[in-house]
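Observations on the three-dimensional arrangement
Next come the chains, spelled out residue by residue.
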Amino acid sequence: MSVPLVILAAVFGASTAAFLPRVAHRLAVPFGDPARSACALCGRSFATGPGGWVRVGASCSGFPAYGLTVLVGASVSVLLAVTLGPSPQLPVHLLAVVPGLLLALIDLRCLRLPDPLVAGLGVTALPLALLRPDRLVPALLAGLVVFAAYLMIALLPGGGLGLGDVKLAAVLATILGFAGWPAVVTGLVVPHLINGPIALALLLRGRGRPLPFGPALLAGALIAVTTA
Ligand SMILES: [Zn+2]
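Report follows, based on the coordinates. (Residues numbered from 1 in each chain as written. Predicted model: local features only at pLDDT ≥ 70, side-chain atom pairs only at ≥ 80, totals over all residues. Heavy atoms only, no water.)

This paragraph deals with the overall build of the chain. In terms of helices and strands, the chain carries ten helices and zero strands. Counting from the amino terminus, the chain carries its helices and strands in the arrangement α-α-α-α-α-α-α-α-α-α. What you see for the chain is a C-alpha radius of gyration of 18 Å, in line with the 17 Å of a compact globule of 228 residues. Seen through its principal axes, the chain has C-alpha atoms that stretch 50 × 50 × 35 Å. In the chain, once contacts between residues fewer than 6 apart in sequence are set aside, the share between residues at least 24 apart is 68%. Here the chain has roughly 11400 Å² of accessible surface; of this, 74% comes from carbon and sulfur atoms. (Helix = DSSP H or I, 4+ residues; strand = E, 2+ residues; numbered from the N terminus. Rg over C-alpha atoms; globule rule 2.2 N^0.38 Å. Contact = heavy atoms within 4.5 Å. Areas by Shrake-Rupley, 256 points an atom, 1.4 Å probe, with all protein chains shown as cover.)

Attention shifts here to the pattern of salt bridges. Overall, the coordinates contain two salt bridges when judged by the stated rule. Two residues, Arg 132 and Asp 134, come together in a salt bridge whose shortest N-O distance is 3.1 Å. Residue class for Asp 134 comes out exposed when judged on its relative accessible area of 53%. (Salt bridge = Lys/Arg side-chain N within 4 Å of Asp/Glu carboxyl O. Buried < 20%, exposed > 50% of the residue type's maximum accessible area, 1.4 Å probe, protein only.)

When two helices pack together, their arrangement is given by the angle between the helix axes and by the axis-to-axis distance. The N-to-C vectors of helix H4 (residues 89–110) and helix H5 (residues 115–124) enclose an angle of 170 degrees; their axes lie 8 Å apart at closest approach. As judged from the angle between their axes, H4 and H5 are roughly antiparallel. Where H4 crosses over H5, the two elements pack in a sense that is left-handed. Between H4 and H5, the contacting residues are Val 92, Leu 95, Ala 96, Pro 99, Gly 100, Leu 102, Leu 103 and Ile 106 on the first element and Leu 117, Val 118, Gly 120, Leu 121 and Thr 124 on the second. (Axes fitted to C-alpha atoms, helices over the stretch in contact; angles between N-to-C directions. Parallel < 35°, antiparallel > 145°, perpendicular 65-115°, else oblique. Left-handed = near helix turned anticlockwise from the far one by under 90°.)

A cluster of nonpolar side chains, contributed by Met 1, Val 3, Ile 7, Val 11 and Val 82, occupies part of the molecular surface with about 510 Å² of accessible area. No other element matches helix H1 (residues 3–17), which puts three residues into the nonpolar patch. Along the chain, the position of Val 11 falls in helix H1. (Patch = residues over 30% accessible without salt bridge, like charges linked within 9 Å, V, L, I, M, F, W, Y side chains within 5 Å.)

For the rest of this paragraph, the subject is the environment of Leu 94. Its place among the elements puts Leu 94 in helix H4. Separated by 18 residues in the primary sequence, Leu 94 and Val 76 have C-alpha atoms spaced 8.5 Å apart. Setting aside chain neighbours within four positions, we find Leu 94 in contact with Ala 9, Phe 12, Ser 77 and Leu 80.

So, about the nonpolar core. Counting residues in hydrophobic clusters, the biggest one holds 52 residues, and the most contacted among them are Leu 80, Leu 103, Leu 121, Tyr 150 and Leu 168. Here this core takes eleven residues from H4, the largest share from any one element. With residues near it in sequence (within four places) discarded, Leu 168 still touches Leu 103, Leu 113, Val 118, Leu 121, Gly 214, Leu 217 and Leu 218. (Core = buried A, V, L, I, M, F, W, Y, C linked by side-chain atoms within 4.5 Å.)

With 14 residues, helix H10 (residues 214–227) ought to run about 20 Å at 1.5 Å a step, and its terminal C-alpha atoms sit 20 Å apart, in line with that. With ten of its 14 residues buried, H10 lies for the most part within the structure. Listed in full, the buried residues belonging to H10 are Gly 214, Ala 216, Leu 217, Leu 218, Gly 220, Ala 221, Leu 222, Ala 224, Val 225 and Thr 226. Next to the buried residues of H10 lie helix H3 (66–84), H4, H5, helix H7 (136–155), helix H8 (163–177) and helix H9 (181–204). (Expected span 1.5 Å × (residues − 1).)

If you check H8, its first and last C-alpha atoms are 21 Å apart, about what 15 residues at 1.5 Å a residue would give, namely 21 Å. Counting buried residues along H8, 13 of its 15 residues qualify, which places the element largely inside the surrounding structure.

Function cannot be inferred from these measures alone, as they are strictly geometric.
Written out as structure tokens, the structure reads:
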């Protein structure tokens, strides 16, 4: 384990995560709505232009878990640095943490996974095709199989999956396909092990409600990448 590498990863993870709460706050809107022009918590208007998006710090004094967001960004990046080491895959996966964390924040707030962010996550993984051209066909196949399987579940009545979940699962399966089939399987199984008990606990306490699946999918992919 290289200590400077781990420190660098922690600084990268924490400093990029610090910018995400404001962006998530503005993008966490119902489907079809434009990004928020004013804070949903205190009603204060955001600045127009880039200044309204770029802000380090809690977006609003009412923003929950700002410190936790930074801590998760740093921890996930450190975990990747420790497990992947100084490999060419490390910067690719570190970069993917940024759209991944943003998607998790938005899904937790409004049960949505905006297409442009899911596509952005896919774009950050494009260098994997250059690093492992031998894995390109299996990776695309993994994405296709997972897309078809999750689409079927989403179309079942009471399937509990949204189309955003289907697209995110397919993108993540493609990324994991570059690490091998065991990683794809881990990435498929772990999200259900995370959300299943939570859904059951809520149901038993009479508080059954739709759960965001995106954070579980992303956590599953992280575990798959770091244990592959
Ligand atoms: Zn506010």
